[in-house]
2 protein chains.
Amino acid sequence: MKMVIDTMGSDNGTKATVPGIIAFLDKHKDVEIYAVGKKEELEELAKFDNVKIVDARDVVPMEAGALDVMRRKDSSMLVAINTFLDINADAIVSAGSTGGFLSATTLKLKLIDGVERAALVTPFPTKIKGKKVTVLDIGANNENTPAQLVQFAKLGNIYVQKLFNVKEPKIYLLSNGAEEGKGSPVVKGAYKLLKEENMPGFKGNIEARYALDGEADVIVTGGFDGNIFLKGVEGVASMMGHMMKAAFKRNIFSMIGYLFARKGFKEIQETLDYKSTGGAMLLGVNGVVVKGHGNSDAYSFSCAMDVAYRMATSHIVEHIKEGIKENA
Amino acid sequence: MKMVIDTMGSDNGTKATVPGIIAFLDKHKDVEIYAVGKKEELEELAKFDNVKIVDARDVVPMEAGALDVMRRKDSSMLVAINTFLDINADAIVSAGSTGGFLSATTLKLKLIDGVERAALVTPFPTKIKGKKVTVLDIGANNENTPAQLVQFAKLGNIYVQKLFNVKEPKIYLLSNGAEEGKGSPVVKGAYKLLKEENMPGFKGNIEARYALDGEADVIVTGGFDGNIFLKGVEGVASMMGHMMKAAFKRNIFSMIGYLFARKGFKEIQETLDYKSTGGAMLLGVNGVVVKGHGNSDAYSFSCAMDVAYRMATSHIVEHIKEGIKENA
């Protein structure tokens, strides 16, 4: 397997990506890594037989759009994308500008035949231990049509079938009420279409309040709403973590309390720590494209690489190609 | 002050509203209550001098829309709204069907001159102790235009000025990125309009991730997105509460840990417990209209009544009338 890594561009740059790559290699000896970035920052990687350093002098800023990326010919991001195409790689990972990376990979790798829009997808933890719920699109699009949401339902369905081995995933539309007839005009339209074509596993609307209860396998949403859901969840989890720390630091007794309760709390933090899911995958393009969090540390970047590894080994792109063809 | 209460219709009906009213009266002797519902369920209230029982035999179901409410002439909700108009009351509170209550009050009380759409508003807790952030619309609308979001900014501005005594509230648009140019077409349009008219306190976009950090005073969003934000936040808070309980129940040591840490944790729960904010107000109509949570218990219903009380005593409706006139 060949994996291309854009090592620059996130908040922590090579300080996160280099140790992240090393941690990943420790688990996956069989992967050939193409590390793209300023070569003087990648020296630590040179000692690995299965790492190739690809020098690129420019760094795409975090707020860059697709055009910026395409213009910066010597940026680590664009060089990584071109390397992916040149060597026919299995996966590409970047923690740089979300908008820039998603648009540039969509432009260069192209959408799978029959797919109207790519969708960014990530699994969320739920109240049920070990059960994940997959939400898409969480931010690749600003605006979607009902027909695009129907395609997202199909992409999510294949993703959960292949990645979590669920035979008939339960699919819901994210809405402002559970009843039929609730929702924005786009959600109402998607509901109608999914019902008309008897989409297997389609169960109707779900409110954001119950999204993490563990009932749904796939939750379908437009990219703008999905992004608000994703970031709202992250924000509250961060606020609660902040408050928990303060609660334990209150006095010597609460600190002693912490010593006794910490095992359970470590589990909570791990479940809710979005870093452990590491990356979101762009579904619908010709290749495994994984976007790590902009503020990735070494651990979360290695998790993003894990995501890319699992996607590539499960041949998700081929399954989507077949699935979309069947449905056309 | 005269306050009309729809005592029926929520998940817990009079089991929540009757003790809720009694708890409220304990703090506010000066309020005259009109309790609308099945009189045999309201007998406990009859002993209070300042409570009038208004018999209504029908109950609006939780999924009812505006038409259902208008059709059910003897429902506690419609009788409450008519009572509000007949006696020229100061406030009305219901924990029944959100859609039905919001639409029926908008129809019967009418929008304030110059207001295009009413917005549901509630304050959220933030990372900064004691600081709240006011988000609107959290669910009165399925779809909004840029011009409507601009009006929501103005309504939110007045609400925070009058309710929290903030001189120049910091106003943000909820979006999928902080930079100008981010957002759905509606959010981008609202950004442009707010900038063009130099809205005082307008600071640009905010991501959902930072919404509860305590920087913003007002966050403006379309009703569909706002509802996803509200319910997403509630869902995670509920999931974390669930996990915390499990962490403490793990073994005898963690239970001892709880004894030492519980004071801090009680504070966390109170901060995040949406019940303590109790109700959301419908801004933009001719009257103080407060919607309690559908699953209100006595405590949260009395909090919703508190919200109505504060709104009425701060003359929020008059301030909005003046504010909208000035801006017209």
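Residues numbered from 1 in each chain as written. Chains lettered and ligands numbered in written order. Predicted model: local features only at pLDDT ≥ 70, side-chain atom pairs only at ≥ 80, totals over all residues. Heavy atoms only, no water.

1. Re the overall build of chain A
For chain A, the count of helices and strands is 10 helices and 11 strands. The globule rule puts the C-alpha radius of gyration for 328 residues at 20 Å, and the 20 Å found for chain A is close to it. Taking the principal axes of the C-alpha coordinates as reference, chain A spans close to 60 × 60 × 35 Å. Within chain A, the fraction of its 328 residues that count as buried is 58%. Sequence-distant contacts in chain A: of pairs separated by 6 or more residues, those separated by 24 or more amount to 68%. Carbon and sulfur atoms provide 51% of the accessible area of chain A, an area that totals close to 13400 Å². If you average the places of the 41 positive and of the 40 negative side-chain charges in chain A, the two averages end up 4 Å apart. (Helix = DSSP H or I, 4+ residues; strand = E, 2+ residues; numbered from the N terminus. Rg over C-alpha atoms; globule rule 2.2 N^0.38 Å. Buried < 20%, exposed > 50% of the residue type's maximum accessible area, 1.4 Å probe, protein only. Contact = heavy atoms within 4.5 Å. Areas by Shrake-Rupley, 256 points an atom, 1.4 Å probe, with all protein chains shown as cover. Lys, Arg positive; Asp, Glu negative; His and termini not counted. Charge placed at Lys NZ, Arg CZ, Asp CG, Glu CD.)

2. Section: a nonpolar patch on the surface
Residue and element names in this part refer to chain A. Where nonpolar side chains cluster on the molecular surface, the patch consists of Ile252, Phe253 and Ile256 and spans about 280 Å² of accessible area. By the secondary structure assignment, isoleucine 256 is in helix 8 (residues 252–272). Given a relative accessible area of 31%, isoleucine 256 falls into the partly exposed group. (Patch = residues over 30% accessible without salt bridge, like charges linked within 9 Å, V, L, I, M, F, W, Y side chains within 5 Å. Salt bridge = Lys/Arg side-chain N within 4 Å of Asp/Glu carboxyl O.)

3. Quick notes on the pattern of salt bridges
Residue and element names in this part refer to chain A. Evaluated as defined, the whole model comprises 32 salt bridges over all chains. Of the charged contacts, one joins aspartate 306 and lysine 27 as a salt bridge, the two residues approaching to 2.8 Å between their closest N and O atoms. Taken together, the positions of aspartate 306 in helix 9 (residues 298–313) and lysine 27 in helix 1 (residues 14–27) put the pair 279 residues apart, joining distant regions of the chain. The exposure class of aspartate 306 is buried, given its relative accessible area of 14%. For glutamate 196, the salt bridge identified is with lysine 192, shortest N-O distance 3.4 Å. One end of the pair, glutamate 196, and the other, lysine 192, are both in helix 6 (residues 185–196), 4 residues apart, so they sit about a helical turn from each other. Lysine 192 carries the same exposure label as glutamate 196, and that label is exposed.

4. As for the sheet that holds strand 2 (residues 32–37) of chain A
Residue and element names in this part refer to chain A. Taken together, the 11 strands give an open sheet; going across it, the order is 3-2-1-4-11-10-5-6-9-7-8, and neighbouring strands pair in mixed fashion. The sheet terminates laterally at strand 3 (51–55) and strand 8 (202–207), the two strands that pair on one side only. Between one strand axis and the next, the sheet turns by 25 degrees as a mean value, whatever way the strands run. Examined bridge by bridge, strand 7 (residues 171–175) and strand 9 (residues 218–220) share 3 bridges and lie parallel to one another. Directly across from tyrosine 172, in strand 9, lies its bridge partner isoleucine 219. (Pairing = 2+ DSSP bridges. Axes fitted to C-alpha atoms, helices over the stretch in contact; angles between N-to-C directions.)

5. A short note on helix 6 (residues 185–196) of chain B
Since one α-helical turn is 3.6 residues long, residues separated by three or four positions face the same way. Spanning 12 residues, helix 6 of chain B covers 17 Å between terminal C-alpha atoms, matching the ideal 16 Å at 1.5 Å per step. Residues of helix 6 of chain B that are buried: B:Val187, B:Ala190, B:Tyr191 and B:Leu194. Projected onto a plane normal to the axis of helix 6 of chain B, the buried residues spread over an arc of 105 degrees and lie on a single side. Turned more than 90 degrees off the buried face of helix 6 of chain B, the exposed positions are B:Lys192 and B:Glu196. Residues of helix 6 of chain B that are buried sit in contact with helix 7 (223–249) of chain A together with helix 5 (146–164), strand 7 (171–175) and strand 8 (202–207) of chain B. Remark: B:Asn198 follows helix 6 of chain B within two positions and exhibits a positive phi of approximately 50 degrees. (Expected span 1.5 Å × (residues − 1). Arc of directions from axis to C-beta.)

6. Quick look at the nonpolar core
Formed by 208 residues in total, the largest nonpolar core has its most connected members in A:Met3, A:Ile33, B:Met3 and B:Ile33. If sequence neighbours within four positions are ignored, A:Ile33 has contacts with A:Met3, A:Ile5, A:Ile21, A:Phe24, A:Leu25, A:Asn50, A:Val51, A:Lys52 and A:Met305. (Core = buried A, V, L, I, M, F, W, Y, C linked by side-chain atoms within 4.5 Å.)

7. Things to note about the sheet that holds strand 10 (residues 279–283) of chain B
Residue and element names in this part refer to chain B. The strand order across the open sheet built from 11 strands is 3-2-1-4-11-10-5-6-9-7-8, with neighbouring strands paired in mixed fashion. A strand with exactly one partner marks an edge of an open sheet, and here the two such strands are strand 3 (51–55) and strand 8. On average, adjacent strands in this sheet sit at an angle of 25 degrees to one another, irrespective of strand direction. Looking at chain direction, strand 6 (residues 132–136) and strand 9 (residues 218–220) are connected through 3 bridges and run parallel. If you follow threonine 134 over to strand 9, its bridge partner there is valine 218. In the packing of helix 4 (residues 98–109) onto the sheet, contacts are made with strand 4 (91–94), strand 5 (119–125), strand 10 and strand 11 (288–292), and the angle to strand 11 comes to roughly 170 degrees. Strands strand 1 (2–6), strand 2 (32–37), strand 4, strand 10 and strand 11 of the sheet are contacted by helix 9 (residues 298–313), whose axis makes an angle of about 165 degrees with strand 11.

8. Topic: the confidence of the model for chain A
Averaged over every residue, the pLDDT of chain A is 90; residues scoring 70 or more account for 92%. Both scores are given for the predicted complex: the pTM is 0.88, the ipTM 0.86. (pLDDT = per-residue confidence, 0-100.)

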